[in-house]
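# Chain and residue survey
As a plain string of letters, each chain reads:
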Amino acid sequence: MSILTSPRGRVEVVHCRRTESQDIYCIKNLIRNFTNKLFGRINVIYLLEKANLAITLSNDKEEIMAQATFLDYPNWNVAKQDDWVSVFRELDSEMPCTPLNTLFMHLFVAVDEYSVGCCKEIIRTVFKAVPELHFIFLVVPSYMSLGSTLITVFDQVGNVPSLTYDEDFAVHICHRHSHYPQLHVRRARVEDHDDLMPIFMRHDTILKEVYGEYFLAELIEAQDQENHAVVCEVEGVAVGFMSVCSRVNLQLLHQCFDLGPFHGLCFPHPDDVLQRPQELTVQGSQDAELRSSSQDSQKTVTEPQEPVISEGRERTSIQGKITEEAAAEELSAVVESGNTSEMKDLENVGQEFAEDDTDYSVRKVSSSSVSLPVDTDFRPVYRGASAAFCIQLFCIDEKYEARSLDFMDFVFSLFPDKNFCLISLPHLTPEFVLVQNFVKLVPFSNCTLDQDLYVFHRAGLLKTINIRLANFLDTSGVENLVSTLMLNTSILEDLQQYNVARRDPDGTSLKAFVADVAEQIVGIAIIRDEMDVEYIRSHYNIEDFIYFSHHQREEHGHLYHFALNPIFRHYTKFFLKEILRLGYKSCLYYPVYPASRQGKFQSCYAHSLTSALHYLVPVRPRRQIVYPLEKLGINAPSKAVSKDVLSYALTHTNRKLSLEPKITVNARIVVVGASTVGISFLETLIFCSHLKFSNLTLISTHGLPGKQLLGAEQRKFLASDHCFNDKDHTLMSLCSWVNVVVGRMTAIDRAAKHVVSQEEIVLYDHLVLCTGQQYQVPCPTGADISQHLTNREIPNSSKQRYTGQVPCNHFTLNDEEDCLKALTWIRNNNIIREGNVIVYGDTIDTYTTVETLLNLGVRGSYIHLVQPPPTSTITCINNDWVEKAVEDALQAAGVTIYREALLAQWNEGQNPDPIHSASFTTPTQPFKLPCSIFFSFSEKNVDYETFKALNDACLVYDGRLVIDKNFHTNDIAIRAAGSLTKFSNRYYSNEWTHSNFNSREVGFQLAAAMLNLFDPTLEPVTEPPANLDRLIFMYKGAKVRGGILPGSYHYLHVTKPAIPTALEVQMAKPDYGSQIVTGNAKDGTYFHIHINKYNIVETITCLSKEPFPISNYIRLFGQHEQVLNNLCARYENNMITDLYSYFTEPWCIALFHDRFIDLRKELRQILTSEEEEGLPSIEQLAHQIEDEEIILQEKPKKYLQRVFEESIYKTLVEKSILDYLHYNQYHLPMYAWPGII
């Protein structure tokens, strides 16, 4: 925030921000003829798309006062984009301009009255935003003067000729030191106390309270060889302070953090123990740690089919793990010594890690498998002297915070024998500018320190990093750099291919870049042209980040390999920026493929580990239309859009993001339970592109879902809520961003803020409980059926918990892992041929399980469907026609159904393991059934271990975990959501719980509530008025369930969130609306749509013998019947006989498009806005008619239609629809628009 004063004395309060797309109109209005002469004729949208940095200056009314755009190559055509350094060095050989420290101004516009002040403010902001920047160049025609504004900040340094025609251009320069200079750093003196104390007191008063008023002066006076205090000053006034100390408790750090990548922060010693002694090593472990690709190294704890680290043993931060694994792999690049001082620094790096290479060697494995590290308990022993010092105290004035790194040169000079600088911070401390240049170390699972540890290497101060195209001479340096990468062979082969042919074998252009410092290779990146541009655009929301039409096809690049020595990690974004500049690219894409398929590592799809992953942004996948290809014929989308390829999660960067900082959130967020709510919560967090959550942890019984364990099976045991499927999990790749602890939560220590998962302790700052409810083992009543007891004579045992031994052939199916175990048991125990199967329960999962068993080949006469007494008049299907069709199918298959039967005993009260028989009582006659396998779906409840953990932690539990409307439990640090929870009684809404709503929407809202704690770009949440404080949030997303029912019926039911009510009761209500039904259930052609009194689709029920496009039909929910091509009128006129066929007609494809909802919002905005001056909007007219402010001679509908057609609204709506179809024509080629014919 700054204050500008015009020559007339007028004052404006202004602030700088990044330029946004909505600024373009105002920017164009500020362009004058002089601007065009100075910068050339500019397409503003195109320029902003390719800009590295664009700054807008606006006043407190959000009116744009000025804008400037900067790129990393010259404007006009005075040098090639990839080779401008030599041209500008010729102007002044002593001017050390490099791609790292230089930007070029391509546009500046401003309100004339404030132009000088605006220009200086923007220039200062740019130097502040880019700490490495030292020079800003401006190139203009030599015959042009800069005008009265730019001349105040730029000085001419010479002329350069044009590359294309005979004309000279004047080069002007702006230096950092004139606007936001580097800080002068010196030793602290006692007299600095008065300058520094106000800065300290603005941030923290605890030090003064604990150590006294003059603690800072005493600290400065106590300096010795081990303790130093330094300050940075501006015009003789101290504006920042740093206290450093060479005493570091390395023993404690070795116990708590993985320091292996940095040789334990010690100097190498001959007696260092870097591997388990050979005689104690299990065969095969001498090849040391597993170092894997970007796909599988991002999991810390996962499933047995994939590379694992045993449960919780080495649970680490994923953000740190990617960097640190890169460190382990990349630091083996021993940099040789040279003659310069920079080479001496690099020589130290080489010596430091020379003896550490073997610690990170890679197990020699085939390309189709990955071996596991055996020595997970082994910790290296370092006997060398400490090579580290630490920052004890640091503070700097906010105005100069961007120059925090200026301290580092001076403090390293105070410790010439140390190579590492350490700093530790509490987890909840936001990462400030200084630590953004440090590498965060990975804590061990048994870490007792409640702080994050960061490290910075002396060589990280070197500024001579140079990114260039690779050549043959770089091969040996690259080999040394990547020698311990698992896919090092792939990298070297691609490098060889580039050196030989510059193209892939398939002819695709290939480029290899190296980063060198003092002629030593410290980084390697290999890219190729992205050939699947159309597929990416149609399957991912890449247009959240770019305007696709302003990027040429050849400007899209595919990042294949990336490795960078971690001491230069803070140059990762610069490396990526240079790849874009030198490669003439505007976008880079990096796919993350699933780590395994059927337990095998897919090397053919794998790219090398990229330590740059967290400098890229994850791109949301797009929901795809299921096309009726036979009906569409030649009007179907192109194969480039509709082709079926191996799914992957996509990450991305572009020129606009190259200087865009991410906000790192180190808060330890622990999610318990991989339910739909929990997964949706994590999904929402990771797709916040401007935030980087470094401490997300999921505790789950079976790890992350989506492993496709039953992928080859045609039937699934359990019904689906269609929120996530296996492909969705692949497209998210949560394992790239989330730590996973496989196990159950057994305790919560609220005081210590940790969760106990079996024997592992997981610390948290925010705990999110999303365990949901699970099917429980039923508790037999114990009734002796020989006494011919009935249900009425048996005490109610529904609330009792089974505490005995769970029989080995008893299965409660709650997830895919449970289903796989049951399937394995069935196949291994010959159940398919001769086993008797009992399915106990009355939920929809009982029907899907029976259908799966029939599909596996189990004879229907061997399947017994036993339904306990109903607890409600509402059945699980709640549709008589569907239920009748399913019952008929069960009878036809020979399945026996027993109703109102209570489980009495297993094995007649004897040892139940395994179950050979099961006895049941009914309202009339008890019975006994032989049993080979028993499936229980009788009751869903909170798992006992979960309940005990909640109860022991004194969290309020009243049948379910009690929460408020903001998801809080009675502990402010613990939130909960999903079917585990209920609302507090003070809301008087006991009938409404999260179970009534769409679980994915609940998870999204849970994340949105927590983002207010971490996202500074969000507006502060205002507390509702007292009279509204007792209202719960009502979700609007559809509640969906479906599966394959007996008779091979494909079933789908979509409805609005509601308190369960019998269908007959709903239909009896006077405001029920209407229903449209085609086909009949028994024939498998049943399609039922309920349209409410507002003509909105409220319920959809489908039962079909043939598969149908489920995702398409879900999109019909909430649509007005007229949007569905006047559905009601057509049905009443007998024009619709089959809804399945009706919704495969080409006209309706746009309804299923993922951006159709955006079109609806845009059209509504048109109708609610006053487009014609002096006339009310269509919405206002409707309100006036409703309030009887207008007396009409015709029907309101006809009046509104006439006004719409006679006004500008009709034209605007038509234009909006045509623009939508044209822009999305790659998905919707079946529609015509003007000009296509």
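Below, the structure is looked at part by part. (Residues numbered from 1 in each chain as written. Predicted model: local features only at pLDDT ≥ 70, side-chain atom pairs only at ≥ 80, totals over all residues. Heavy atoms only, no water.)

## Points about the overall build of the protein chain
Put simply, the rule is: Under the scheme used here, helices are H or I runs from DSSP no shorter than 4 residues and strands are E runs no shorter than 2 residues, and both carry numbers assigned from the N terminus. Buried residues are those whose accessible area, probed at 1.4 Å on protein chains only, stays under 20% of the maximum for their type, while exposed residues exceed 50% and partly exposed ones sit between those limits. Contacts: residue pairs with any heavy atoms within 4.5 Å of one another.
Within the protein chain, the secondary structure is distributed over 35 helices and 53 strands. Here the protein chain, with 1237 residues, has 55% of them falling under the buried criterion. In the protein chain, the proportion of contacts linking residues at least 24 apart, taken out of those at least 6 apart, comes to 74%.

## Quick notes on the nonpolar core
The condition is simple: To define a nonpolar core, start from buried Ala, Val, Leu, Ile, Met, Phe, Trp, Tyr and Cys residues and group those joined through side-chain atoms within 4.5 Å.
By size, the foremost hydrophobic cluster in this structure holds 96 residues, and its most contacted members are Phe681, Ile748 and Leu769. The contacts of Phe681, once residues within four sequence positions are left out, are Ile669, Val671, Val768, Gly1003, Leu1006, Ala1007 and Met1010. Formed by 94 residues, the second largest nonpolar core is a distinct cluster that contains Leu38, Leu71, Ile391 and Leu405.

## Re helix H14 (residues 475-482)
The line we're drawing: By definition, the arc is the one covered by directions from the helix axis to the C-beta atoms.
Listed as buried for H14 are Val478, Leu481 and Val482. Along the axis of H14, the buried positions cluster into a sector of 80 degrees, meaning they face one direction only.

## Here's the deal with the pairing of strand E42 (residues 917-921)
Heads up, the condition is: A pair of strands is considered paired only if DSSP assigns at least 2 bridges between the two.
Burial within E42 is extensive, with five of its five residues counted as buried. The alternating pattern of E42 places Ser917, Ser919 and Thr921 and Ala918 and Phe920 on opposite faces, both of which are buried. Across four bridges, the pairing between strand E41 (residues 902-906) and E42 is antiparallel. When the bridges of E42 are listed, Leu903 appears paired with Phe920. Between the end of E42 and the start of strand E43 (residues 927-930), which pair antiparallel, lie five residues.

## Quick word on the packing of helix H33 (residues 1178-1186) against helix H34 (residues 1196-1206)
To characterise two packed helices, one gives the angle between the axes of the helices and the distance between these axes. Note the following rule: Orientation is described by lines fitted to C-alpha atoms, with helices fitted over the stretch in contact, and by angles between N-to-C directions that extend from 0 to 180 degrees. Comment on the angle field: the value is read as roughly parallel under 35 degrees, roughly antiparallel over 145, roughly perpendicular from 65 to 115, and oblique elsewhere. If you view the pair so one helix is near and one far, a crossing is left-handed when the near helix is turned anticlockwise from the far one by less than a right angle, and right-handed when it is turned clockwise. Classification convention: Asp, Glu, Lys, Arg as charged; Ala, Val, Leu, Ile, Met, Phe, Trp, Tyr, Cys, Pro as nonpolar; all other residues, Gly among them, as polar.
Two elements in contact, H33 and H34, have axes separated by 11 Å at closest approach and are oriented at 155 degrees. One way to sum up the angle between H33 and H34 is to call them roughly antiparallel. Pair H33 / H34 crosses with right-handed handedness. Along its contact with H33, which presents Ile1178, Leu1181, Ala1182 and Ile1185, the element H34 presents Pro1196, Tyr1199, Leu1200, Val1203 and Phe1204. Looking at side-chain class alone, the contact of H33 with H34 contains nine nonpolar, no polar and no charged residues.

## Here's the deal with the packing of aromatic side chains
Here is the rule: Note on ring pairs: Phe, Tyr and Trp rings are taken, using the six-membered ring of Trp, and paired if centres are within 6.5 Å. Classes follow the plane angle, with under 30 degrees stacked, over 60 edge-to-face and the rest tilted. Consider the ring centre and the ring normal. A charge sits over the ring if Lys NZ or Arg CZ is within 6 Å of that centre and within 35 degrees of that normal.
Per the counting criterion, the structure on display carries 46 aromatic pairs. Their ring planes at 85 degrees and their centres at 5.8 Å tell us that Phe693 and Phe1014 sit as a pair that is edge-to-face. Within this pair, whereas Phe693 is found in strand E29 (residues 691-693), its partner Phe1014 is found in helix H27 (residues 999-1014), the two being separated by 321 residues in sequence. Residue classification places Phe693 among the buried residues on the basis of a relative accessible area of 4%. By way of ring pairs, the aromatic residues Tyr802, Tyr840, Tyr898, Trp906, Phe920, Phe927 and Phe934 are connected into one cluster. The aromatic ring of Tyr862 is capped on one face by Arg859, whose charged end is 4.9 Å from the ring centroid.

## So, a negative patch on the surface
Stated formally: Here, patches come from residues exposed beyond 30% relative accessible area and free of salt bridges, joined within 9 Å for like charges and within 5 Å for nonpolar side chains (Val, Leu, Ile, Met, Phe, Trp, Tyr). All accessibility values rest on the Shrake-Rupley procedure with a 1.4 Å probe; residue burial counts only the protein chains present in the view. Salt bridge, as applied in this entry: a Lys or Arg side-chain nitrogen positioned within 4 Å of an Asp or Glu carboxyl oxygen. When charges are counted, Lys and Arg are positive and Asp and Glu negative, with His and the chain ends excluded. Here the site of a charge means NZ on Lys, CZ on Arg, CG on Asp, or CD on Glu.
A contiguous patch of negative charge on the surface is contributed by Glu1186, Asp1187, Glu1188 and Glu1189. Mapped onto the secondary structure, Glu1189 falls in the loop between H33 and H34.

## Description of the sheet that holds strand E32 (residues 745-749)
Strand order in the open sheet formed by three strands is E32-E33-E34, with antiparallel pairing between adjacent strands. Whereas interior strands pair on both sides, the edge strands pair on one side only; in this sheet they are E32 and strand E34 (760-763). Taking each pair of neighbouring strands and ignoring which way they run, the sheet shows an average axis angle of 25 degrees. With four bridges connecting them, E32 and strand E33 (residues 754-757) associate as antiparallel partners.

## Some remarks on empty space enclosed by the protein
Let me state the cut-off plainly: A 1.4 Å probe that fits but cannot get out identifies a cavity on a 1 Å grid over protein atoms alone, an open set with protein on both sides within 12 Å along at least five of seven lines counts as a pocket, and a residue lines either if it has an atom within 4 Å of a point. Grid points are joined across faces, edges and corners, and a volume is the space filled by probe spheres set on the points.
Enumeration according to the criterion identifies seven cavities of 30 Å³ or more in this entry. Lining the largest cavity are ten residues, with Ile686, Leu691, Lys692, Phe693 and Trp737 sitting closest to its centre. Elements that contribute at least two residues to the lining of the largest cavity include exactly helix H20 (676-686) and E29. Along the lines of polarity and charge, the residues of the lining of the largest cavity split into seven nonpolar, one polar and two charged. Volume-wise, the second largest cavity comes out at about 50 Å³. Taken together, Val592, Pro618, Val619, Ala649, Leu650, Thr651, Phe687, Leu731, Met732, Ser733, Ser736 and Trp737 make up the lining of the second largest cavity.

## A few points about helix H13 (residues 406-414)
Residues of H13 that are buried include every one of Asp406, Phe407, Met408, Val411, Phe412 and Leu414, and no others. Buried residues belonging to H13 abut strand E9 (184-187), strand E10 (227-234), strand E11 (237-245), strand E13 (388-396), strand E14 (420-426) and strand E17 (451-457).

## A closer look at the sheet that holds strand E28 (residues 669-672)
With respect to topology, five strands assemble into an open sheet ordered E31-E30-E28-E35-E47, the strand pairing being parallel. Of all strands in the sheet, those bounded by a partner on one side alone are strand E31 (739-742) and strand E47 (974-976). In this sheet, neighbouring strand axes are inclined to one another by 20 degrees on average, regardless of whether the strands run parallel or antiparallel. In this sheet, strand E30 (residues 696-700) lies alongside E28 in parallel orientation, the contact comprising four bridges. For Val670, the partnering residue across the bridge sits in E30 and is Thr697. Packing of H27 onto the sheet brings it into contact with E28, strand E35 (766-769) and E47, and relative to E35 it is tilted by some 175 degrees.

## Observations concerning the environment of Asn836
Mapped onto the elements of the fold, Asn836 is located in the loop between helix H23 (831-834) and strand E38 (837-841). Expressed as a C-alpha distance, the spacing of Asn836 and Ile863, which sit 27 residues apart in the sequence, is 6.1 Å.

## Focus on the pattern of salt bridges
Considering all chains together, one arrives at 46 salt bridges under this definition. Put simply, Arg202 and Asp397 hold a salt bridge, and the shortest N to O gap is 3.4 Å. Of this pair, Arg202 sits in helix H7 (residues 193-203) while Asp397 sits in the loop between E13 and H13, and the two are 195 residues apart along the sequence. Using a relative accessible area of 55% as the deciding quantity, one classes Arg202 as exposed. The residue Glu683 makes a salt bridge to Arg1000 at a minimum N-O spacing of 2.8 Å.

## Some points on the packing of helix H32 (residues 1156-1168) against helix H35 (residues 1209-1223)
Between H32 and H35, whose axes approach to 10 Å, the crossing angle comes to 165 degrees. When the interaxial angle is binned, H32 and H35 end up roughly antiparallel. Note on packing geometry: the crossing formed by H32 with H35 is right-handed. Across the interface between the two elements, Phe1156, Leu1159, Glu1162, Leu1163, Ile1166 and Leu1167 from H32 touch Tyr1209, Leu1212, Val1213, Ser1216, Ile1217 and Tyr1220 from H35. For the contact of H32 with H35, the residue count by class is ten nonpolar, one polar and one charged.

## Looking at the pairing of E28
Alternating residues of E28 divide into Ile669 and Val671 and Val670 and Val672, and every residue in both groups is buried. Sheet topology places E28 next to E35; four bridges connect them, and they run parallel. For Val670, the partnering residue across the bridge sits in E35 and is Leu767.

## Comments concerning a nonpolar patch on the surface
Among the surface-exposed residues, Ile206, Val210 and Tyr211 lie close enough to one another that they form a single nonpolar patch of about 340 Å² accessible area. Summarising the element assignment, Val210 is placed in helix H8 (residues 206-211).

## Digging into unusual backbone geometry
For the peptide bond that leads from Asp913 to Pro914, omega is -5 degrees, which places it in the cis range. Here Asn830, not a glycine, exhibits a phi torsion of approximately 55 degrees, which is positive. As for its position among the elements, Asn830 is in the loop between helix H22 (816-828) and H23. On the basis of relative accessible area, Asn830 is assigned to the partly exposed category, the value being 34%.

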